[in-house]
Amino acid sequence: MIYSKEVQEMCVVAKGPKHGPAPIPEEGKWVKATEIKDISGMTHGIGWCAPQQGTCLVETIGCSGMTHSAAMAAEILPGKTILEALNTDLVCDAINTAMRELFLQIVYGRTQSAFSEGGLTIGAGLEDLGKGLVSQCGTLYSTKAKGVRYLQLTEGYITKEFLDENNEVCGYEYVHMGKFMDAVKKGMDANEALKSVTGTYGRTTKEQGAVKSIDPRKN
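From a predicted model like this one, the values you see are computed outputs, not experimental measurements.

## Topic: the side chain of D38
Structurally, the position occupied by D38 is in the loop between β2 (29–31) and α2 (50–53). Polar side-chain contacts of D38 include one of 2.9 Å to the backbone nitrogen of T34. When neighbours within four sequence positions are excluded, D38 is seen to be in contact with E26, V31, K32 and A33.

This is the structure in structure tokens:
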């Protein structure tokens, strides 16, 4: 480090207070992290709300390229320090930005295992995905001119939107794709499997106030 002439000619003023860093929670303990090796925690998934959801996986929502970058992350990141992970080039800028957010979560002590004594069992995050081991995600498309189209919700793939007399959405029909694939793998006829995993939510009959239905991908 090079000091300017002005700084070199200054007299020395002694530094008094020597406050360390504020402690962060790690596995039920308060730790003053001064080096990379002091940082430890189970990471959250990608996204602002992931900490509240207890996610322990690298999950992506975006273009198809993000899924491939997530695959790279899953192969490359285990075993790296937080600094190595932060500076790993994962090709997709969205993933690289997400790694920055993960870095911030970890170094500020906002890990899932922060307040759990002894941490959590590796793999505990898989429980959040349920029996189908599939993320719960929502994909909806909306325009001012034509309104909302439900495409994917927690229950699954949306096949119909039901509208009331005001042309407002009052219910929907869905197919649970995870259960559908399980049924087909067990040998069930695809058409029968489709019927068995199709369900509805909200008001979907005339008696309930549904006037018509539309296919959100065609109408």
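Following the structure, the description resumes.
## Considerations on the environment of V169
Note that V169 resides in strand β6 (residues 169–175). Sequence spacing of V169 and A210 is 41 residues, and the spatial spacing of their C-alpha atoms is 8.7 Å. In contact with V169, not counting residues within four places along its chain, are V148, Y150, E161, F162 and L163.

## Some details on the pattern of salt bridges
This model, assessed by the stated rule, comprises three salt bridges. For D38, the salt bridge identified is with K37, shortest N-O distance 3.8 Å. Residue K37 is classed as exposed on the basis of its relative accessible area of 66%. Put simply, D182 and K185 hold a salt bridge, and the shortest N to O gap is 3.8 Å. Taken together, the residues span about one helical turn, with D182 and K185 both in helix α6 (residues 177–185) at a distance of three residues. Using a relative accessible area of 34% as the deciding quantity, one classes D182 as partly exposed.

## Notes on the packing of aromatic side chains
Taken as a whole and judged by the stated rule, the model has four aromatic pairs. Aromatic side chains Y150 and Y172 sit 5.8 Å apart centroid to centroid with 70° between the ring planes, which places their arrangement in the edge-to-face category. Placement of the pair is Y150 in strand β4 (residues 147–153) and Y172 in strand β6, with a sequence separation of 22 residues. Across this residue pair, the class does not change: Y150 and Y172 are buried. Three or more aromatic residues joined by ring pairs form one cluster here, namely Y150, Y172, Y174 and Y201. Over the face of the ring belonging to Y157 we find R217, whose NZ or CZ atom lies 3.8 Å from the ring centre.

About the criteria used
- Residues numbered from 1 in each chain as written.
- Predicted model: local features only at pLDDT ≥ 70, side-chain atom pairs only at ≥ 80, totals over all residues.
- Heavy atoms only, no water.
- Helix = DSSP H or I, 4+ residues; strand = E, 2+ residues; numbered from the N terminus.
- Polar contact = N/O pair within 3.5 Å; in protein donor to acceptor, adjacent residues only side chain to side chain.
- Contact = heavy atoms within 4.5 Å.
- Salt bridge = Lys/Arg side-chain N within 4 Å of Asp/Glu carboxyl O.
- Buried < 20%, exposed > 50% of the residue type's maximum accessible area, 1.4 Å probe, protein only.
- Phe/Tyr/Trp six-rings, centres within 6.5 Å; stacked < 30°, edge-to-face > 60°.
- Lys NZ or Arg CZ within 6 Å of the ring centre and 35° of its normal.

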